[in-house]
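Residues per chain, in single letters:
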Amino acid sequence: MLVGKGKAGEGFAPLLLRAWVRRPSKAWGRSPDMWASRPRSVWAWAHRRIVVVGTSGSGKTTFAKRISTRLGVPHVELDSLNWEADWMEAPLEVFRERVRAALGGDAWVVDGNYSRVRDIVWSRADTIVWLDYPLWLVMLRLLRRTLRRVIFREVLWSNNRESIRRAFFSRDSILLWALTTYYRRRREYPALLADPEHAHLSVVRPGTPWQAWRWLEHLSRSDADDPG
């Protein structure tokens, strides 16, 4: 595990230095070409229903919006369907029904990691984009985003806002969440994507933002219009 056991409610700040003591070597490098082992060109695939996943702070929503604009298809943010006022999560069946309704179209791009609706989202998708960036980059981006939200009091889903206490000194800290789930997701996603249930999915796994943007540049509106 990346983060050792701490006292209940210890929050993000006291764990940060300890969290970086162990840095598994596999997390810090990627093949120069993320598609080197693909049997066919990634550019030839039709992309009509795309799911963007990755650790909190990897830039899922920003990248999904870029794809949405590039293809001219709707963008769905799972966070907006899940979070209600006062940082309360929607009841499970309410959340699942919202997701079903939002993904009822023929073409869309959705971002989020929620396992509670993964069966709905992944079964309808044709492409998974996994932003598998190094931990240091993810945490840097997340820290910058969190500070911006706190300082400027940005309004999020259902009028929620980030706070210093919630971000740094709470068990609900998004920073702590990213630290404790980073390596877990790097173990889980390869197994999930290798499952025969998900054999229909094309997988794109950029290890750097440059690789992600390179893939994005080759997308066109014809991908969304292609019936497959």
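Now for a quick tour of the structure. (Residues numbered from 1 in each chain as written. Predicted model: local features only at pLDDT ≥ 70, side-chain atom pairs only at ≥ 80, totals over all residues. Heavy atoms only, no water.)

### Regarding the packing of helix H2 (residues 60–71) against helix H9 (residues 209–217)
Next up, step 1: H9 packs onto H2 with a crossing angle of 15° between their chain directions and a minimal axis gap of 11 Å. Of the possible angle classes, the one that applies to H2 and H9 is roughly parallel. The chirality of how H2 crosses H9 is right-handed. Contacts between H2 and H9 involve Phe63, Arg66, Ile67 and Arg70 on the former and, on the latter, Ala212, Trp213, Trp215, Leu216 and Glu217. (Axes fitted to C-alpha atoms, helices over the stretch in contact; angles between N-to-C directions. Helix = DSSP H or I, 4+ residues; strand = E, 2+ residues; numbered from the N terminus. Parallel < 35°, antiparallel > 145°, perpendicular 65-115°, else oblique. Left-handed = near helix turned anticlockwise from the far one by under 90°. Contact = heavy atoms within 4.5 Å.)

### Examining empty space enclosed by the protein
Next up, step 1: With the rule as written, the count across this model stands at three cavities of 30 Å³ or more.
Next up, step 2: Estimates place the volume of the largest cavity at around 50 Å³.
Next up, step 3: Around the largest cavity sit Val51, Val53, Leu78, Gly112, Asn113, Tyr114, Arg118, Val121, Trp122 and Tyr189, which together line it.
Next up, step 4: For the lining of the largest cavity, the elements supplying multiple residues, two or more each, are strand E1 (49–53) and helix H5 (118–124).
Next up, step 5: If you tally residues by element for the lining of the largest cavity, the top one is H5, at three residues.
Next up, step 6: For the lining of the largest cavity, the class distribution of residues is seven nonpolar, two polar and one charged.
Next up, step 7: What lines the second largest cavity is Thr55, Trp130, Leu131, Asp132, Tyr133, Val138, Tyr182, Arg185 and Arg186.
Next up, step 8: Classifying every residue of the lining of the second largest cavity by side-chain character gives five nonpolar, one polar and three charged. (1 Å grid on protein atoms, 1.4 Å probe; cavity = no way out; pocket = protein on both sides within 12 Å on 5 of 7 lines; lining within 4 Å. Points joined across faces, edges and corners; volume = space filled by probe spheres on them. Nonpolar A, V, L, I, M, F, W, Y, C, P; charged D, E, K, R; others polar.)

### Examining the layout of surface pockets
Next up, step 1: In this structure, the largest pocket encloses a volume near 1,300 Å³.
Next up, step 2: Along its surface, the largest pocket is lined by 45 residues, and Ser56, Lys60, Asp79, Arg145 and Ile174 are the ones closest to its centre.
Next up, step 3: No other element matches the seven residues that helix H8 (residues 174–194) contributes to the lining of the largest pocket.
Next up, step 4: Partitioning the lining of the largest pocket into residue classes produces 13 nonpolar, 11 polar and 21 charged.

### Some details on unusual backbone geometry
Next up, step 1: Non-glycine residue Trp87 carries a positive phi angle of around 55°.
Next up, step 2: By secondary structure assignment, the location of Trp87 is in the loop between strand E3 (83–84) and strand E4 (88–89).
Next up, step 3: A positive phi angle, near 65°, is found at Asn159, a position not held by glycine.
Next up, step 4: Mapping Asn159 onto the fold places it in the loop between helix H6 (135–151) and helix H7 (164–168).
Next up, step 5: Note on Asn159: relative accessible area 62%, which makes it exposed. (Buried < 20%, exposed > 50% of the residue type's maximum accessible area, 1.4 Å probe, protein only.)

### Here's the deal with the nonpolar core
Next up, step 1: Counting residues in each nonpolar core, the largest one holds 30 residues, and the members touching the most others are Ile50, Val52, Phe63, Ile67, Val129 and Trp215.
Next up, step 2: Mapped by element, the contributors of at least two residues to this core are E1, H2, H6, H7, H8 and H9.
Next up, step 3: A total of six residues in this core trace back to one element, the largest contributor, which is H8.
Next up, step 4: Setting aside chain neighbours within four positions, we find Val129 in contact with Ile50, Val51, Val52, Val53, Phe63, Val204, Pro206 and Trp215.
Next up, step 5: Membership of the second largest hydrophobic core comes to 27 residues, among which are Val76, Leu103, Trp108 and Val203. (Core = buried A, V, L, I, M, F, W, Y, C linked by side-chain atoms within 4.5 Å.)

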